[in-house]
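A structural walkthrough
Here is what each chain is made of, one letter per residue.
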Amino acid sequence: MNTLTIAWIVLPLFTGFIVYLVPQLNRYLALGINLLSLGYALQVLIAESPLTLQLLDNFGVTLQIDQLSGYFILTNALVTTAVVLYCWHTDETAFFYMQTIFLHGSLNAVFICADFISLYVALEVIGIAAFLLIAYPRTERSIWVALRYLFVSNTAMLFYLVGAVLVYQANDSFAFAGIGNTPIEALALILVGLLTKGGVFVSGMWLPLTYAESATPVTALLSGIVGKAGIFPLVRYALMLDEVDTIVRIFGVGAALLGVIYAVFETDTKRTLALSSLSQLGWILAAPEVGGFYALAHGLVKPTLFLTAGALPSRNIKELQHQPLNTSLWIVLVVASLSISGFPLMVGFGAKISTLNNVLPWQTIAMDVAAVGTAIVYARFIFLPHHRQAGQEIKFGFWAAITLLIGGLIGANIFYFQAYTVANTIKALAIIAIGWLAYGLIFKRSVLKLPRVLEDFEHLIGGMSLMLILVFWMITT
Amino acid sequence: MLEAFILATILCGFFGIIFKKNLVMKIISMDVMSTGVIAYYVLIASRDGLHTPIFSNVKKGIYADPVPQAVILTAIVIGFSIQALMLVGVMKLARDNPTLESSEIEKNNMP
């Protein structure tokens, strides 16, 4: 098992270079690596016993693989496979596949590491690979969006680094285990770094523009799995330390509400989905015990929605309401939207119910409101006009990716089939009914436009200092 | 004392990122900030002593801690590569925006 783990973590980074030497093999190698990860993740989830790998003379440099890692690795494998399938018949270059493989490998590294420095390195590699993928079309806008992303992520990681050295000073080790015995400023710096990197609450306002302006497959990768790289360590710390648990839950609720409020009033499809990602990341943090499962559910739904949104004739929802779309595309939209709203038979139902059952009493009302908000946001996609069109042809790669993701949506139900009780089903259906009713009566005609001032570049960086003060204050009180 | 200087460096860099208008100046500010962070690692490494931890017969006294220094090397390399990438991006942007004012570029690219 140890050898397998090491081989599995090294192979993507190695294969990335092979792609450059033998560019003809690009998509086959990318697919092979992803299938390897898929097998490994299933094996981790079945084994159920945590595995720890320790470097000799380690100073805390360790790897730890458990259930939680298993869910995230599985999500990573499924999302990247879907994206590779989506791009199978397009003319993406070897460079694109190389970056995808690197991104996949470094994400896996994040999900198994158990020390601050490995985490730092992996997160920075993710930042660089994501930058290259976003800037790949090389238009002015894509370069600016990518630069902005790298700026925010690198500044956040500098704060994180200062926190990491303070942890080392207190414990003589970089292991996550030392987080309980650290000065509060170290904790605040690390949390701010990760909250910004993960895109949570106000520090996540870099996320809408980045997701909305990237190419479709890149957005699917970003929203499906890259955002979760910052979330995973937060969930880990929350499970280890009660103080962090409270803070993470508060930020989870905040992000879930903020994202959904913005998303309800948005008229651009890709921005709506991006803002809803902001909200869904909050859902993962709201109940850290079951965060892994929610991450899997979200990781399957969001790429489906983004890939479909990329195939729609327009990005403006008002135009789509007057322009019937292809019925087959509409069905995909409906299935994914129902899952993310928590409709039974889809994995979103189990995820939503398990989160709602694991939140603390003070969170319950806020999370119910966020659930209704999600239903309102996706009602907009469900109630789009549609009709059968013969002429419009949709590519094979798109269907392969969608089949995999939707298959995952239904298949992943087995992880939490206990959710199917009468009470839970009624609750989920009631949330959706209220959401649809509210959509039909109020939000369908709303024209309110929320200001985007928080998304300005300067405000993103400045917001970090405010978040630092906020987190610091939260820890001291 | 040294710690205060280092924190001042980090803060200078951070405020530079916010207040400088030119994109290149922003990138340099980020480099100042990362220099401060690197210096902090070196400072913490040298808490116990200043000598290099090399095994030899000559007794030198108390050694500096090699671990933070080894670790920060990685961060220096990463910081360097990120700088390089950003400057390439800025070069591309400079063709259409010769002034490189971030607010102008942002205005053109915020749909």
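Please read all numbers here as calculations on a predicted model, not as lab measurements.

1. Describing the nonpolar core
- In this structure, A:Val110, A:Phe116, A:Leu119, A:Tyr160, A:Tyr237, B:Leu23 and B:Tyr41 are the most contacted members of the largest nonpolar core, which totals 216 residues.
- Take this core: its biggest share by element is 21 residues, from helix H6 (residues 140-171) of chain A.
- Aside from chain neighbours lying at most four places away, what touches B:Leu23 is A:Trp144, A:Leu147, A:Phe151, B:Val90, B:Leu93, B:Leu100, B:Ser102 and B:Ile105.

2. A short note on the confidence of the model for chain B
- In this model, chain B carries an average pLDDT of 89, and 100% of its residues clear a pLDDT of 70 or more.
- Across the whole predicted complex the pTM is 0.93, and at the interface the ipTM reaches 0.94.

3. Focus: the side chain of A:His104
All names here are of chain A.
- Tracing the sequence through the fold places His104 in helix H4 (residues 94-112).
- The exposure class of His104 is buried, given its relative accessible area of 1%.
- Excluding residues that lie within four positions of it along the chain, His104 makes contacts with Ile33, Asn34, Ser37, Asn76, Ala77 and Thr80.

4. Structural notes on the packing of aromatic side chains
- Under the counting rule described, the total for this entry stands at 33 aromatic pairs over all chains.
- Considering the side-chain rings of A:Phe159 and B:Phe14, the 5.3 Å spacing of their centres and the 70° angle between planes classify their relative orientation as edge-to-face. Note that A:Phe159 is positioned in helix H6 and B:Phe14 in helix H1 (residues 2-19), a pairing that runs across two chains. Residues A:Phe159 and B:Phe14 agree in their burial class; the two are buried.

5. Digging into the packing of helix H5 (residues 116-134) of chain A against H6(A)
All names here are of chain A.
- Interhelical geometry of H5 versus H6 gives an angle of 175° and a closest axis separation of 9 Å. In this view, H5 runs roughly antiparallel relative to H6, as classed from their interaxial angle.
- Split by residue class, the contact of H5 with H6 holds 18 nonpolar, four polar and one charged.

6. Structural notes on the interface of chain B and chain A
- Of the residues lining the interface, 41 residues belong to chain B; the matching set on chain A comes to 39 residues.
- Between chain B and chain A, roughly 3800 Å² of surface is buried when both sides are summed, and carbon and sulfur atoms account for 76% of that area.
- Inspection of the region where chain B meets chain A yields one salt bridge.
- Two residues, B:Lys26 and A:Glu458, come together in a salt bridge whose shortest N-O distance is 2.8 Å.
- Counting the contacts that link chain B with chain A gives six residue pairs in polar contact (both at pLDDT 80 or more).
- Among the secondary structure elements, those contributing two or more residues to the side of chain B that touches chain A are H1, helix H2 (23-45), helix H3 (66-94) and helix H4 (102-108) of chain B.
- Of the residues forming the side of chain B that touches chain A, the biggest block, 15 residues, is contributed by H3(B).
- Residues of the side of chain B that touches chain A, tallied by class, amount to 26 nonpolar, eight polar and seven charged.

7. Describing empty space enclosed by the protein
Residues and elements named next belong to chain A.
- Evaluation of the coordinates by the stated rule reveals six cavities of 30 Å³ or more.
- Approximately 90 Å³ is the volume found for the largest cavity.
- Lining the largest cavity are Tyr262, Phe265, Glu266, Thr267, Arg271, Leu448, Lys449, Leu450, Pro451, Arg452 and Glu455.
- Of the residues contributing to the lining of the largest cavity, the split by class is five nonpolar, one polar and five charged.

Calculation notes
Residues numbered from 1 in each chain as written. Chains lettered and ligands numbered in written order. Predicted model: local features only at pLDDT ≥ 70, side-chain atom pairs only at ≥ 80, totals over all residues. Heavy atoms only, no water. Core = buried A, V, L, I, M, F, W, Y, C linked by side-chain atoms within 4.5 Å. Buried < 20%, exposed > 50% of the residue type's maximum accessible area, 1.4 Å probe, protein only. Helix = DSSP H or I, 4+ residues; strand = E, 2+ residues; numbered from the N terminus. Contact = heavy atoms within 4.5 Å. pLDDT = per-residue confidence, 0-100. Phe/Tyr/Trp six-rings, centres within 6.5 Å; stacked < 30°, edge-to-face > 60°. Axes fitted to C-alpha atoms, helices over the stretch in contact; angles between N-to-C directions. Parallel < 35°, antiparallel > 145°, perpendicular 65-115°, else oblique. Nonpolar A, V, L, I, M, F, W, Y, C, P; charged D, E, K, R; others polar. Buried area = accessible area lost by both parts, 1.4 Å probe. Salt bridge = Lys/Arg side-chain N within 4 Å of Asp/Glu carboxyl O. Polar contact = N/O pair within 3.5 Å; in protein donor to acceptor, adjacent residues only side chain to side chain. 1 Å grid on protein atoms, 1.4 Å probe; cavity = no way out; pocket = protein on both sides within 12 Å on 5 of 7 lines; lining within 4 Å. Points joined across faces, edges and corners; volume = space filled by probe spheres on them.

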